[in-house]
Every structure is written in structure tokens, then in C-alpha cells.
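The lines below spell out each chain.
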Number of protein chains: 4
Amino acid sequence: MTAVGGIAPDILKQYIERIERLELEKMQITENIRDIFAAAKIDGFDPKVMRQVIKIRKMDAQERNEQEALLDTYQKALGMLPDFE
Amino acid sequence: MTAVGGIAPDILKQYIERIERLELEKMQITENIRDIFAAAKIDGFDPKVMRQVIKIRKMDAQERNEQEALLDTYQKALGMLPDFE
Amino acid sequence: MTAVGGIAPDILKQYIERIERLELEKMQITENIRDIFAAAKIDGFDPKVMRQVIKIRKMDAQERNEQEALLDTYQKALGMLPDFE
Amino acid sequence: MTAVGGIAPDILKQYIERIERLELEKMQITENIRDIFAAAKIDGFDPKVMRQVIKIRKMDAQERNEQEALLDTYQKALGMLPDFE
DNA sequence: AACGTTGAAATAGTTC
DNA sequence: GAACTATTTCAACGTT
């Protein structure tokens with residue numbers, strides 16, 4: 001906790017400004033997403049249903065990744081793959 | 001709800017994929033932010049304090065905006081400004 | 001999760017009814033607030049402005065609290081205050 | 001909008017303070033509700049399920065009210081009830 | 001009266 | 001596993 005005292009306020013400031021910039025970018029992306037939902041709604045698609053679809057697709061992807069990881073583990077255990085990355 | 005039936009699944013797919021791409025970008029930014037906090041922590045800065053600082057700075061900015069909006073509203077109410085923008 | 005099976009439906013019922021009563025109270029308060037806004041409007045006050053004023057006052061209070069918390073955190077970090085409360 | 005100018009700031013202040021007091025009460029009730037959910041959870045009840053139950057009960061109540069209102073309308077139309085309240 | 005906007009609240013995820 | 005943060009969801013409000 002030595003840095004807080006007064007040694008390196010500039011460094012701290014830089015960290016904080018970088019974070020703030022990234023948070024701003026995040027906000028802008030969020031707005032973009034909102035706009036797309038709005039456009040889709042105008043085209044007759046229900047945003048609520050769309051969100052569900054996206055959620056399910058995400059879960060599917062996760063399962064796929066987990067299964068692949070599991071497969072990988074088995075293969076390594078069976079000497080079918082090298083142990084290192 | 002006509003679009004959902006079967007007419008335009010392609011359009012829906014495009015909307016969803018655009019959203020998924022943006023959500024991926026958001027996640028990456030979130031990770032970047034996490035990394036910065038981690039780096040700052042290694043430099044001796046307390047993430048908790050950093051978050052408080054960021055929050056206060058954000059509140060300052062918001063409040064400034066609110067104050068200006070309120071002033072504007074008053075001025076309009078008193079006929080000192082045109083109602084349209 | 002043993003309680004759900006059939007042992008203590010009465011207890012559950014009591015919890016739920018207490019919550020429902022409180023939610024009813026909340027709704028009534030919300031209605032009271034609406035009524036006050038309406039009365040103020042009749043007296044010539046713009047609800048929009050009132051909401052802005054309330055928001056700014058709330059932000060002021062929050063910010064004061066945040067500032068104090070931040071100061072406290074710094075002081076603890078510098079060993080100027082005991083860590084426990 | 002005459003009142004805003006400077007005639008009756010006291011009145012405005014009173015309105016705003018009454019609203020703030022009510023909003024505080026609302027917050028306290030919200031906290032009470034949270035506490036009850038927490039207590040119920042300790043007793044083994046799943047808060048998520050409880051919320052669903054409460055929601056369903058609320059919908060049931062609404063339906064009941066709507067049906068009663070409909071019945072009332074029919075009865076009035078058929079001269080089975082007086083038109084006034 | 002429906003629509004979009006905004007603010008609160010809950011849930012999920014992360015960190016300690 | 002407990003606390004805290006962040007994201008998502010839901011409801012209310014103003015607006016058109």
C-alpha cells in the first residue's frame with residue numbers, strides 16, 4: 001500500500017484513465033447492441049425471444065467447449081496428445 | 001410477428017450474429033479492464049480505492065451534466081431560452 | 001432443500017405472506033408519491049424539474065458518503081485508523 | 001409555470017421533502033423484504049422459487065379482479081346492478 | 001395508448 | 001463460502 005501515500009499519483013492516474021476509456025468503449029458497444037435490437041424489433045422480431053436465443057446459443061457453445069476440453073483431457077491421458085500446450 | 005414464421009430467418013440470423021460479435025467485444029474489453037486492475041494492484045494500488053475514485057469521478061461528471069440540464073430547464077421555463085433545440 | 005418437500009409449507013406461506021404485505025405497502029407509497037407530484041403540478045410546479053432536483057440532491061448525498069468512505073479507506077491504508085470498526 | 005420563478009420555493013421544498021421521505025420509506029421496505037428472503041433461504045427455501053410463487057399469486061389475483069370486473073359489467077348491462085357506484 | 005427511455009432490483013460471476 | 005461487482009432483467013415514467 002506504499003504507492004498510495006503520495007509516491008506515484010501519476011501512475012495511478014494513468015491506470016484510472018485507461019480504465020475509464022475502456023469503460024466508455026464498453027458503453028458505446030452496449031448502445032450499438034441496443035440499436036440492433038431496436039432495428040430487429042422494427043423488422044418484427046421480438047427482442048425478448050432474441051435474447052433467449054442468444055442465451056441458448058451461448059450455453060450450447062459453452063457445452064461444446066467443455067466437451068472438447070474433456071475430450072482433450074482423455075486424449076492426453078491416453079497418450080494420444082502431448083501433455084504440454 | 002409475421003417475420004418469425006419462416007419468411008426471414010436469414011435476417012434474424014444476421015441480427016443475432018452481429019449482436020454476438022459485439023457482445024464478444026464487450027467481454028474482451030471487460031477482460032482488459034480486469035487486467036489493468038491486476039497490473040495496478042501489483043504496483044501497489046488498491047483496486048477497491050481505484051473503484052471508488054472512478055465512481056466519484058463518474059458521479060462528478062454526471063452531476064455536472066444534471067446541473068446544466070436543470071439550469072437549462074429553468075431557463076426554458078422562464079422563457080429565457082427557446083423550447084426547441 | 002429439505003424444507004420444501006412437505007415438512008414446512010406453513011413456514012413458507014408465512015414468509016410469502018409477509019413479503020406480499022410489504023410489497024403492498026411499497027405500492028401504496030409509490031401511489032402516494034404519484035399523488036404528490038400531481039398536486040405539485042396543479043400548484044404550477046413542473047414534475048420534470050422536481051425530479052431533476054430530487055436526483056441532484058440524492059447524488060449530492062451519495063457523493064458525500066462516497067467521499068467519506070474514500071477518505072476513510074485512505075486513512076486506514078496509511079495506518080491513521082484502526083482496520084476494524 | 002409561474003410558481004417556479006421565485007414565488008413559492010417553500011411550497012416546492014415541502015413537496016420535495018415529502019417525496020424524499022416517502023422514497024426513504026420505500027427503500028426501507030425493500031430492505032425488509034430482502035431480509036425476509038434471506039431468512040427464508042436460511043430455512044432452506046429457494047428465493048428464486050419464492051419469487052416465482054409470488055409472481056404467480058399476483059397474476060392470479062389480477063385475473064380474479066378482471067373477471068370480477070367483467071362480471072360486474074355484465075350484471076350492470078343486464079340491469080342486475082345499479083349503474084352508479 | 002404504445003413506445004422508448006431510464007432507473008431499480010435480482011442474478012450471476014468473481015475475488016478474497 | 002462470503003462479499004462484492006457487474007450484467008441482465010424488469011418495472012415505471014415520460015413522451016409522442
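Here is a short report on the structure shown in this document.

What counts, and at which threshold
Residues numbered from 1 in each chain as written. Chains lettered and ligands numbered in written order. Predicted model: local features only at pLDDT ≥ 70, side-chain atom pairs only at ≥ 80, totals over all residues. Heavy atoms only, no water. Patch = residues over 30% accessible without salt bridge, like charges linked within 9 Å, V, L, I, M, F, W, Y side chains within 5 Å. Areas by Shrake-Rupley, 256 points an atom, 1.4 Å probe, with all protein chains shown as cover. Salt bridge = Lys/Arg side-chain N within 4 Å of Asp/Glu carboxyl O. Helix = DSSP H or I, 4+ residues; strand = E, 2+ residues; numbered from the N terminus. Buried < 20%, exposed > 50% of the residue type's maximum accessible area, 1.4 Å probe, protein only. Near = heavy atom within 4 Å. Polar contact = N/O pair within 3.5 Å; in protein donor to acceptor, adjacent residues only side chain to side chain. Expected span 1.5 Å × (residues − 1). Least-squares fit on C-alpha atoms with pLDDT ≥ 70 in both. Contact = heavy atoms within 4.5 Å.

## Let's talk about a nonpolar patch on the surface
Residue and element names in this part refer to chain A. A contiguous nonpolar patch, built from Leu70, Tyr74, Leu78, Met80 and Leu81 and spanning about 540 Å² of accessible area, is present on the exposed surface. Tracing the backbone shows tyrosine 74 in helix H2 (residues 47-77). Of the residues examined, tyrosine 74 reaches a relative accessible area of 52% and is grouped as exposed.

## Remarks on the protein's contact with DNA strand F
Around DNA strand F, a shell composed of Lys26(A), Arg51(A), Lys55(A), Lys26(B), Thr30(B), Arg51(B), Thr30(C), Arg34(C), Lys48(C) and Arg51(C) is seen. For DNA strand F, the backbone makes up 100% of the atoms found within 4 Å of the protein, where backbone means sugar plus phosphate. Here a phosphate oxygen of DNA strand F sits 2.4 Å away from a polar atom, N or O, in the side chain of Arg51(B). At 2.5 Å, a side-chain N or O of Arg34(C) approaches a phosphate oxygen of DNA strand F.

## Section: helix H1 (residues 9-42) of chain A
Residues and elements named next belong to chain A. Between its terminal C-alpha atoms H1 stretches 49 Å, which fits the 50 Å expected from 34 residues at 1.5 Å a residue. The set of residues buried in H1 consists of Leu12, Tyr15, Ile16, Ile19, Leu22, Ile29, Ile33, Ile36, Phe37 and Ala40. Where H1 terminates, the next one or two residues include glycine 44, which has phi positive at roughly 95 degrees.

## Digging into the relation of the copies chain B and chain A
Least-squares fitting of chain B to chain A yields an RMSD of 1.0 Å, with the transformation described by 0.3 Å of translation along the axis and a rotation of 178 degrees. Taken together, the rotation and translation relating the two chain copies correspond to the operation of a two-fold axis. Among all residues of chain B, the one whose C-alpha sits closest to the rotation axis is Lys26(B), at a distance of 2.9 Å. Of the residues that chain B buries at the interface, 100% are likewise interface residues in chain A, meaning the two copies contact each other through the same surface.

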